[in-house]
Amino acid sequence: MMDWTDRHCRYFLRLLSSNALLYTEMVTTGALLNGDHERFLRHDEAEHPLALQLGGSVPADLAACARMAEAAGYDEVNLNVGCPSDRVQNNMIGACLMGHPQLVADCVKAMRDAVAIPVTVKHRIGINGRDSYAQLCDFVGTVRDAGCTSFTVHARIAILEGLSPKENRDIPPLRYDVAAQLKQDFSELEIILNGGIKTLEQCHAHLQTFDGVMLGREAYHNPYLLAEVDQQLFASTAAVISRAEALARMRPYIAAHIAAGGAMHHITRHMLGLGQGFPGARRFRQLLSVDIHKTQDPLALLDQAGLLLEGR
């Protein structure tokens, strides 16, 4: 979700669901320790509950970044052991760490010793060359012994050579059965399922087996899916927010961003998915993706887009 779930995206998604745990895009330890850490850690109080996802493999660096996350007010720190990108592999970040369970355990222990907020791990069910169920259990058991009690499991292996990150999201088959066996064998752990989940009906079904579900790209491309999450999964009695209400509630946030010197498309690029499945949806997307770069009055254009959502 790199360059997708930034603070503007998360603020928007929070309007759709008050209860879902939101994750940042993966932030590397190098970016926080050597870059503009305030930019990477910045968030609005409205975004909570909120987890910072870290990429790294040096225990001391991860511990330092976890302390920064806690000081910034994050509710959880998550270590990414699932990203298959060549770029992060070369820095010993992401899915390649599944081949080094003791190192992941050392990283988790260092972070847990550094902070009081939960430290969790997101991983695959294996990587090429280390994809047996026994090896998966070895990984989870080793990291569990370092004190991690919550694992988010992307139910595909990662192919570290020859496939792009996009292909790694599609080509290795989904193995929900493997993740379910993991939950059965590690019943004391919180096991959250990730991968290929596209509907709330599927969420309901998986929650019969797992402790939680994670939605990634589907929640980004079809964000209005989240509008009924609170009612269906958290027993909320609040009214479901409409598409038009969500856009209207974003207006003051967008206006403040523009007043501070920002561009409206920094925010509205994350909102294009509201325009799906109704007459005028294409025009809605065109207004916020094409016309936005031509207008001298972006808020008026936003209001024009809002008219297309009324009654949807």
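Above this text sits the structure in question.
Quick caveat: nothing in here was measured; it's all calculated off a predicted structure. (Residues numbered from 1 in each chain as written. Predicted model: local features only at pLDDT ≥ 70, side-chain atom pairs only at ≥ 80, totals over all residues. Heavy atoms only, no water.)

Enquirer: In this structure, what is going on with unusual backbone geometry? I would like to understand it.
Expert: Most peptide bonds are trans, and most residues other than glycine sit at a negative phi. Each neighbour pair has its own omega, and for His48 with Pro49 the value is 0 degrees, a cis peptide bond. Checked against the element boundaries, Pro49 lands in the loop between helix H3 (37-41) and strand E3 (50-55). The backbone phi angle of Ala235 is positive, close to 60 degrees, even though this residue is not glycine. Positionally, Ala235 belongs in the loop between helix H12 (229-233) and helix H13 (243-259). (Helix = DSSP H or I, 4+ residues; strand = E, 2+ residues; numbered from the N terminus.)

Enquirer: How should the packing of aromatic side chains be read in this particular structure?
Expert: Think of a pair of aromatic rings as described by two things: how far the centres are apart, and how the planes are tilted against each other in angle. Taken as a whole and assessed by the stated rule, the structure comprises 2 aromatic pairs. Aromatic side chains Trp4 and Tyr220 sit 4.6 Å apart centroid to centroid with 25 degrees between the ring planes, which places their arrangement in the stacked category. Of this pair, Trp4 sits in the segment before helix H1 (7-16) while Tyr220 sits in helix H11 (residues 217-221); the two residues are 216 residues apart in sequence, bridging distant segments of the chain. Residue classification places Trp4 among the partly exposed residues on the basis of a relative accessible area of 24%. Each ring, one from Tyr11 and one from Tyr253, has its centre 4.0 Å from the other, and the planes form 15 degrees; the classification is stacked. (Phe/Tyr/Trp six-rings, centres within 6.5 Å; stacked < 30°, edge-to-face > 60°. Buried < 20%, exposed > 50% of the residue type's maximum accessible area, 1.4 Å probe, protein only.)

Enquirer: Which parts of the structure should I look at to understand the nonpolar core?
Expert: The tendency in soluble globular proteins is for nonpolar side chains to be buried side by side. In terms of nonpolar packing, the biggest core is built from 93 residues, with Val121, Phe151 and Met250 touching the most fellow members. Looking at this core, the element that brings in the most residues is helix H6 (residues 101-114), giving 7 residues. If near-sequence neighbours (up to four positions away) are discounted, Met250 is found in contact with Tyr11, Phe12, Leu15, Ile267 and Met271. (Core = buried A, V, L, I, M, F, W, Y, C linked by side-chain atoms within 4.5 Å. Contact = heavy atoms within 4.5 Å.)

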